[in-house]
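Remarks on the overall topology
The residues making up each chain are set out below.
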Amino acid sequence: HAGRGVFSTPAGCLSIPGCPGANPLEGSRGCAKMALAMIQTIEGKPEGCGRRVAIVAARFNRRIVDRLLEGALRALKRAGVQDEDLMVFWVPGAFEIPAGAGRLAQAGGWHAVVALGCVLKGETLHFEIVAGAAAQGLARLAAEAPIPVSFGVLCCHTLKQALARSGPKADNRGAEAALAALEMA
């Protein structure tokens with residue numbers, strides 16, 4: 001299996017006892033694992049010391065967004081971001097989040113932007129339009145912005161689902177989005 005596919009056989013792989021690459025019935029998984037072990041890996045850490053973070057938060061569905069914001073702020077402070085390095089920018093609703101986040105990302109002075117909002121399904125297509133616009137706008141911005149932009153916008157069918165994902169404990173998507181932004185910064 002040497003030289004085929006993405007991975008090449010490390011020197012001496014076939015002679016290592018127990019290497020699955022030595023057994024044609026098991027394929028090259030062992031050699032791939034060995035090759036990956038030799039590759040330099042870069043992984044960010046959610047460290048906030050010295051980082052300035054802007055949070056764009058939607059006022060619509062404020063009860064849920066306040067909970068997301070509390071989780072995000074708690075996570076950022078726990079990671080070392082100082083109060084004076086945090087700013088919350090309120091926008092009317094989830095539809096406006098990409099525009100607000102884009103202005104902040106382009107303005108400079110921030111290491112990351114965290115987007116927080118909540119869209120709840122109703123009886124019309126409005127949910128699909130707003131949730132889709134927010135997701136697509138933030139995805140485009142995250143790919144093009146000079147700094148990380150993270151996605152903390154809940155798109156839920158029920159208030160119960162939104163409450164479960166914005167809780168005060170471990171399951172808070174605002175906290176997750178904040179830590180993701182720090183990791184990418």
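So, here's what we can say about the structure.

Considerations on the side chain of Ser166
Looking at the secondary structure, you find Ser166 in the loop between helix 5 (159–164) and helix 6 (173–184). Overall, the relative accessible area of 1% leaves Ser166 in the buried class. Excluding residues within four positions of it along the chain, Ser166 makes contact with Ile64, Arg67, Leu68, Leu154, Asp171 and Asn172.

Here's the deal with the environment of Pro168
Within the secondary structure, Pro168 sits in the loop between helix 5 and helix 6. Through-space distance from the C-alpha of Pro168 to that of Leu68 is 8.8 Å; in sequence the pair is 100 residues apart. The residues contacting Pro168, other than those within four sequence positions of it, are Arg67 and Arg74.

Some thoughts on the packing of aromatic side chains
Two numbers describe a pair of aromatic rings. These are the distance of the centres and the angle of the planes. A full pass over the atoms with the stated rule returns one aromatic pair. Ring geometry for Phe89 versus Trp110: centroids 6.0 Å apart, planes at 90 degrees, classification edge-to-face. One end of the pair, Phe89, is in strand 2 (residues 86–91); the other, Trp110, is in the loop between helix 3 (97–107) and strand 3 (112–120), and 21 residues separate them in sequence. By relative accessible area, Phe89 is classed as partly exposed at 28%. Classification of Trp110 as buried rests on a relative accessible area of 11%. Here the basic side chain of Arg52 rests over the ring of Trp110, its NZ or CZ set 4.3 Å away from the ring centre. The lysine or arginine in question, Arg62, covers the ring of Trp90, its NZ or CZ lying 3.8 Å from the ring centre.

About the cut-offs
- For every chain, the first residue of the written sequence is number 1, and numbering continues from 1 along that sequence.
- Note on the predicted model: pLDDT of at least 70 is required for a residue's local features to be given, and 80 or more for side-chain atom pairs to be given and counted; whole-chain, interface and lining totals, by contrast, use all residues.
- Values shown for side chains rest on all heavy atoms present in the structure; no hydrogens or waters enter the calculation.
- Numbering of helices and strands starts at the N terminus; helices are DSSP runs of H or I of at least 4 residues and strands are runs of E of at least 2.
- Note on classification: 1.4 Å probe, protein chains only; a residue is buried when its accessible area is under 20% of the maximum for its type, exposed when over 50%, partly exposed between these limits.
- By definition, residues are in contact when any of their heavy atoms lie within 4.5 Å.
- Two rings belonging to Phe, Tyr or Trp (six-membered ring only in the last case) form a pair when the distance between their centres is within 6.5 Å. Interplanar angles under 30 degrees mark stacking, angles over 60 mark edge-to-face geometry, and anything in between is tilted.
- Only lysine NZ and arginine CZ atoms are considered, and such an atom sits over a ring when it is within 6 Å of the ring centre and within 35 degrees of the ring normal.

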